[in-house]
Amino acid sequence: VYARNCDIRDLSSQKTIVDSFLNNFHLQGTCKGQSVCYGLFYKDELIQLMTFGKPRYNRKYEYELLRLCTSSKFRVVGGAEKLFKHFKNVLEPKSIISYCDNSKFNGNVYIRLGMTLLDHGQPSKHWYNMKTSKHITDNLLRQRGFDQLLGKEYGCFGKGTSNDELMKQH
């Protein structure tokens, strides 16, 4: 589908639709802090979504592009560019930052949007349990800890116990 054949709608006040779409089609699901959400619609069907909010990790920027997500039923040519341009035209942001998981993507969409690479960052660990199909990033593990993420399944071990060792054991 070509983006020129699609309409943009502001979904910022429709969190249920945004969360549902992201949970269905984005690898990481929805996230907190999405204050600006634009959807691309083709024949009245939401096919692509781009969300923005306050930066989570670097307060030097005005906005963070939080999620870009496309329905698995579609390939949208020019959709990201159309949504990003609309965001810039409506809100006229001074600065925007975003992040890319280089283990899954190459970041080319950011180049197409006219963004500049600041840093490659350090590789991160990804923990995956084949029995439960549970995927936990090292960042999430650091933020929440083993006990909060998996304590109900494996028991709580308290402070001072290595998250890495607990993940390897379980």
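Structure's up top.
Residues numbered from 1 in each chain as written. Predicted model: local features only at pLDDT ≥ 70, side-chain atom pairs only at ≥ 80, totals over all residues. Heavy atoms only, no water.

Student: An account of the state of the cysteines is requested, with residue identities and associated values reported.
Tutor: The full count for this structure, using the stated rule, is zero disulfides. C69 supplies the cysteine sulfur nearest to C100, a cysteine that is in no disulfide, at a spacing of 15 Å. You can call C100 partly exposed: its relative accessible area is 29%. (Disulfide = S-S within 2.5 Å. Buried < 20%, exposed > 50% of the residue type's maximum accessible area, 1.4 Å probe, protein only.)

Student: Which residues make up the nonpolar core, and what are the values?
Tutor: Core analysis: the biggest nonpolar cluster contains 20 residues, and M50, F52, L65, F84, F87, I96 and L113 have the highest contact counts within it. Listing elements by their share of this core, those giving two or more residues are β2 (36-42), β3 (45-53), β4 (63-70), α2 (79-91) and α3 (108-112). By residue number, the principal contributor to this core is α2, which donates four residues. When neighbours within four sequence positions are excluded, L65 is seen to be in contact with M50, T51, F52, F84, I96, I97, S98 and L113. Among the nonpolar cores identified, the runner-up in size contains nine residues, and V18, C37, L49 and C69 belong to it. (Core = buried A, V, L, I, M, F, W, Y, C linked by side-chain atoms within 4.5 Å. Helix = DSSP H or I, 4+ residues; strand = E, 2+ residues; numbered from the N terminus. Contact = heavy atoms within 4.5 Å.)

Student: Outline α2, listing residues and values.
Tutor: In this model, α2 (13 residues) spans 18 Å end to end at C-alpha, consistent with the 18 Å of a helix rising 1.5 Å per residue. Residues of α2 that are buried: G79, A80, L83, F84 and F87. For α2, the buried positions fall inside an angular range of 125° around the axis, keeping them on one side. Along α2, the residues that are exposed and aim more than 90 degrees away from the buried face are K85 and N89. The inward-facing, buried residues of α2 contact β1 (7-10), β2, β3, β4, β5 (96-97) and α3. Directly beyond the C-terminal end of α2, a positive phi value near 45° is found at E92. (Expected span 1.5 Å × (residues − 1). Arc of directions from axis to C-beta.)

Any functional reading would require information beyond the geometric quantities listed.
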